[in-house]
Every structure is written in structure tokens, then in C-alpha cells.
Amino acid sequence: MKTIINSTIKLLFRSPGFWFFLFFTPLISTLILRTEQTNLSAYEISGAEGASSIVEVEKEDDKVAYYGGKGRYVIKVYDASGSDLSEYMLKKLSESGAFLICRVKVSPMTKEVLDARIDADIDGDRMGAAMYLGESFDAEALTGTVKNGVKVFILSDDARKDIFENEMKMILGQIRNAAGMAGEGNVAEVLTEMNRRLPVKSVETISGKDSPVLTNEQVDKRTMVGYAFAILTLGFVFGGAFVAHTVINEEKDMVLTRIRLTELSDVKYFAAKLLSGGIVSMMLTLVMGGCTFLIPEERMAVDRPIFLLMVFCLGLIFCSLTLLLGILLGNVMSANIGAFTIWSLSSMLAGLYFPLDSTTDTVKTISYIMPQKWFLNITELLMTGDNKGYIMLVGVTVAYLVVVLSLGSVGIKFRNHE
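Residues numbered from 1 in each chain as written. Predicted model: local features only at pLDDT ≥ 70, side-chain atom pairs only at ≥ 80, totals over all residues. Heavy atoms only, no water.

### Brief notes about the overall build of the protein chain
Okay, step 1: Within the protein chain, the secondary structure is distributed over 15 helices and five strands.
Okay, step 2: Buried residues in the protein chain amount to 47% of all 418 residues.
Okay, step 3: A separation threshold of at least 6 residues defines the contact pool for the protein chain, and within that pool the share at least 24 residues apart is 78%.
Okay, step 4: Total accessible area on the protein chain stands at roughly 21100 Å², and carbon and sulfur atoms take up 59% of it. (Helix = DSSP H or I, 4+ residues; strand = E, 2+ residues; numbered from the N terminus. Buried < 20%, exposed > 50% of the residue type's maximum accessible area, 1.4 Å probe, protein only. Contact = heavy atoms within 4.5 Å. Areas by Shrake-Rupley, 256 points an atom, 1.4 Å probe, with all protein chains shown as cover.)

What follows is the structure, encoded as C-alpha cells:
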């Protein structure tokens, strides 16, 4: 077996393609992890930025679609009023639990400017509705004759628009009633007293209860790790494919026949090739380990040793998978096509490129078959300090290796007509 492993590694070293993937994928992954980028995925609003708070958006053209990951009706508010009454109305909307209020504070807008801004939202963003609060909001809300102080634009076919409209009418009615009760007094104080008498309501989000809650910064880091996993997977699948090439060529050149004459069993032969795949995974992991020293510590989602352990385990799975697939296909070109297909489909269906929260249940179920999906979940657990991530890392790796080796052994026996 040692001789077979040595000859396999020597053959790999003679392949320019092997060297390309050995250095190319870790370098690209390093560049990705070094990148400081925000708004890469749907943000989860929780904790201090919970369901009852208003999300403050810095610029008018910032996209609010990134904050819609929890299924709330997203409303982008252009607030040119900035008064206590406008603050009250927006807080009441957010406290209902059905709406996510994303506010950007602006100067008063003309009709032309506002229309252009709404057109830009329609073309380049995604939300349930947009709302403009003008300087005349307080005066119109107190008299109950709202015309220019509030302008609402419904930008989706979501049925919750009716709930939103009813909620707006109710809040504006509360403000008008408070104005009548306050007389010459402070309307905001009357509203505060009215709300103090209401039953205390607690809004709790249970849709993501089984998954860790990440901050916006952690969501960005998790997303970058997903991109890095996608590139590294490319190196691993072709690393396994190159090992499969040696088996195909040895069978084609009758080397395998001569090996069998030495009374070396097929089991030991393929075990040697699998160990060669493990060595390839280790080599790529070591290159990635060297590259991680180019990544600032604050950009790493998890500690460097744990990240490299995850990379190595992911490599074992995909090297073994593409190695056995290449042996079963029995053709170099077919092995390359199979490796590329596994990489592209698994990365996409695992949600490495974009979130799968809004996809069908069938796609979500398929995503849990992909190893990268589990490694992303492990990353989330480790980022939040949950030690269950270590247990899951070992369990997932062992489970996939058992499945791959079992299916591969059956496939090889079937291919050899045994």
C-alpha cells in the first residue's frame, strides 16, 4: 500500500492541473475572507434590534431587502418630520410584530424627487411598502385631515397590505383622539399615558428558534465563509478527480492487472487510493493554513485551528466522493465533468451563494443532503460559542464518509460484475 500511495502522489505532482487547484483555491478563498463587505445576506433582527425597534438606515439608496429574512412586512420610511408624533407612529407599527420598519431620515422632498426615489426602490430593492413623512405630518395628524404629511406607496402584492392600512388608520385615530383629550397640553404625553394603561404585549419570534441568532456582522462573516467553502470545495473535488485519474490510467495501462498479480487485494488497493485522497486534503488544508495568516484576526468567523479542521473534514468528504465517482465512471473526461457537476450543484443547493429561506420545502430538504450546508450550520454554532458545533463536526464528517464509502464499495462491486 505504501508503494501505491507514493506512486500516486508522484503522479499527482507531475500534473500541472493538480498544482493549479492546490494553490489557486486557497488563494482565492483567502482573498474572499480578507474582503470587508456588508449587506451580503438577509439580516436577522433580534436582541437590541428586535421586533419592537426601528431599523435605522443610513442612506436613501441603502437596500432594505437584506432585513426581510424573518418574514415581516418590510416598510421603508423616508422621515422628513422627525417629530415625537412620527416617532410614536413608527414605534406602534413596529411593536405590532407584523411589520419591520426601516427608517432613513431625510430632508423634505419634492414630489418629483420622491417619485424618483420610489421608482429606484421598485427597480432595485424589495419591500412591502414605502412611506414618506413630511414636515406637515404633526399638523395634519392632529386635525385628522392627512394629505401631504403622509404618503404611502404599496410596492408588493402581499395581502398584509390591508393589515398595514388598518394599523395606520388606528394609530392616526389614536393621535387625533389624544389631541382632543390634551387640549392645549402635550399630545405626546397623553399618548404615553394612554399606552401605559394598555396590557403589556410581548412579541417573540419562533421561526428561527432552532438556529443560533447572529448579529449583522456575524451574518456577513458566515456568508464570506460560505463563499470560501464553495471555492475550497472546487479544489477538493478536483483533487479527488485527479486521484481517480491515476486509477483510470492504471487500469487502462494494465498496471492494475500487474498489481493484482502481486496478490494485493482490491480492498487494499482502493484503500491506498483513499488514503492518497486524504493526503491531498491535508496538503490543500496546509496551504490554506498558510494563507490564513494573511487574513486579519477580526475577519475570521472562528478560531484558525477550528477553521482548518473544518476545511480538512470537508476535504475528506469531497475527495472521497469524487474519487469513487471517477472510478465508477471509468473515464477521465467523465470524471472531470462529474467533479464539476458535484461542485456546482452542491454549492448552490447548500445555500453558499444565496440564502434559501424563501425557497420551497423541497429545495430546503435537498439542501440538507449537501455537506456544505451542515458545515455552515457548524460555523454558526461555533460563532455563538455553542460547543455542540464540535460534536456535529465529528458526527457529520463520519456520517458522510460512511455513506460515501458504502455506496462506493457497492458501486465498484457492481461495476466489476461481482
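Now that the structure has been shown, the text picks up again.
### Regarding the nonpolar core
Okay, step 1: With 64 residues, the main nonpolar core has Leu33, Phe229, Phe307, Met310 and Phe375 as its most contacted residues.
Okay, step 2: Of all the secondary structure elements, the ones that give two or more residues to this core are helix H1 (2–13), helix H2 (16–34), helix H8 (216–252), helix H10 (266–292), helix H11 (304–329), helix H12 (332–349), helix H14 (371–383) and helix H15 (388–415).
Okay, step 3: Considering every element that reaches this core, the biggest residue donor is H8, with 16 residues.
Okay, step 4: When neighbours within four sequence positions are excluded, Phe375 is seen to be in contact with Phe229, Met310, Cys313, Leu314, Ile317, Leu393, Val396 and Thr397. (Core = buried A, V, L, I, M, F, W, Y, C linked by side-chain atoms within 4.5 Å.)

### Considerations on the pattern of salt bridges
Okay, step 1: Using the criterion set out here, one finds nine salt bridges in the structure.
Okay, step 2: A salt bridge links Asp386 to Lys388, with the nearest nitrogen and oxygen atoms 3.9 Å apart.
Okay, step 3: On the basis of relative accessibility, which here comes to 24%, the residue Asp386 falls in the partly exposed class.
Okay, step 4: Relative accessible area serves as the criterion here: at 53%, Lys388 is assigned to the exposed category.
Okay, step 5: Residues joined by salt bridges that share partners form a network here, namely Glu56, Asp79, Glu87 and Arg103. (Salt bridge = Lys/Arg side-chain N within 4 Å of Asp/Glu carboxyl O.)

### A look at H14
Okay, step 1: In this model H14 runs 19 Å from its N-terminal to its C-terminal C-alpha over 13 residues, within 8% of the 18 Å that 1.5 Å per residue would give.
Okay, step 2: By the criterion of burial, H14 is predominantly enclosed, with twelve of the 13 residues buried.
Okay, step 3: Every buried residue of H14 is listed here: Pro371, Gln372, Lys373, Phe375, Leu376, Asn377, Ile378, Thr379, Glu380, Leu381, Leu382 and Met383. (Expected span 1.5 Å × (residues − 1).)

### Digging into the sheet that holds strand S3 (residues 99–105)
Okay, step 1: Spatial strand order, S1-S3-S2-S4-S5: five strands in an open sheet with mixed pairing. Because the sheet does not close on itself, it has two edges, and the strands there are strand S1 (55–56) and strand S5 (150–154).
Okay, step 2: Direction of pairing for strand S2 (residues 73–79) relative to S3: parallel, over a ladder of seven bridges. Across the sheet, the residue bridging to Val77 is Arg103, located in S3.
Okay, step 3: Running at roughly 150 degrees to S3, helix H3 (residues 84–95) makes contact with S2, S3 and strand S4 (129–133) of the sheet. (Pairing = 2+ DSSP bridges. Axes fitted to C-alpha atoms, helices over the stretch in contact; angles between N-to-C directions.)

### Regarding the packing of H11 against H14
Okay, step 1: H14 packs onto H11 with a crossing angle of 165 degrees between their chain directions and a minimal axis gap of 11 Å. As judged from the angle between their axes, H11 and H14 are roughly antiparallel. Helix-helix and strand crossings are classified by hand; for H11 and H14 the assignment is right-handed. Contacts between H11 and H14 involve Ile306, Met310, Cys313, Leu314, Ile317 and Phe318 on the former and, on the latter, Pro371, Gln372, Phe375, Ile378, Thr379 and Leu382.
Okay, step 2: In the contact of H11 with H14, the residues fall into ten nonpolar, two polar and no charged. (Parallel < 35°, antiparallel > 145°, perpendicular 65-115°, else oblique. Left-handed = near helix turned anticlockwise from the far one by under 90°. Nonpolar A, V, L, I, M, F, W, Y, C, P; charged D, E, K, R; others polar.)

### Considerations on helix H4 (residues 111–124)
Okay, step 1: Helix length check: H4, at 14 residues, gives a terminal C-alpha distance of 20 Å against a target of 20 Å (1.5 Å per residue), a fit within 8%.
Okay, step 2: Residues of H4 that are buried include every one of Leu114, Arg117, Ile118 and Asp121, and no others. The buried residues of H4 occupy an angular sector of 95 degrees when the element is viewed end-on, so they sit on one face. In H4, the exposed residues that point more than 90 degrees away from the buried face are Glu112 and Asp123.
Okay, step 3: Summarising the contacts, the buried residues of H4 are in contact with S2, S4 and S5. (Arc of directions from axis to C-beta.)

### A few points about the confidence of the model for the protein chain
Okay, step 1: In the predicted model, the protein chain carries a mean pLDDT of 82, and 85% of its residues have values of at least 70.
Okay, step 2: At the level of individual helices and strands, the protein chain shows its lowest average pLDDT in helix H9 (residues 255–261), which scores 68, and its highest in S4, which scores 91.
Okay, step 3: A low-confidence stretch, residues 44–51 (pLDDT under 50), is modelled with 17 contacts involving residues beyond four sequence positions or located in other chains. (pLDDT = per-residue confidence, 0-100.)

### Quick look at a nonpolar patch on the surface
Okay, step 1: A surface patch of nonpolar side chains, amounting to about 360 Å² of accessible area, comprises Phe13, Trp19, Phe23 and Leu27.
Okay, step 2: Ranked by residue count, the leading element in the nonpolar patch is H2, at three residues.
Okay, step 3: In this fold, Phe23 is placed in helix H2. (Patch = residues over 30% accessible without salt bridge, like charges linked within 9 Å, V, L, I, M, F, W, Y side chains within 5 Å.)

### Quick look at the side chain of Thr379
Okay, step 1: Within the fold, Thr379 resides in helix H14.
Okay, step 2: Exposure remark for Thr379: the relative accessible area of 1% places this residue in the buried category.
Okay, step 3: Ignoring any residue separated from it by four or fewer positions in sequence, one finds Thr379 in contact with Val225, Phe229, Ala301, Val302 and Met310.

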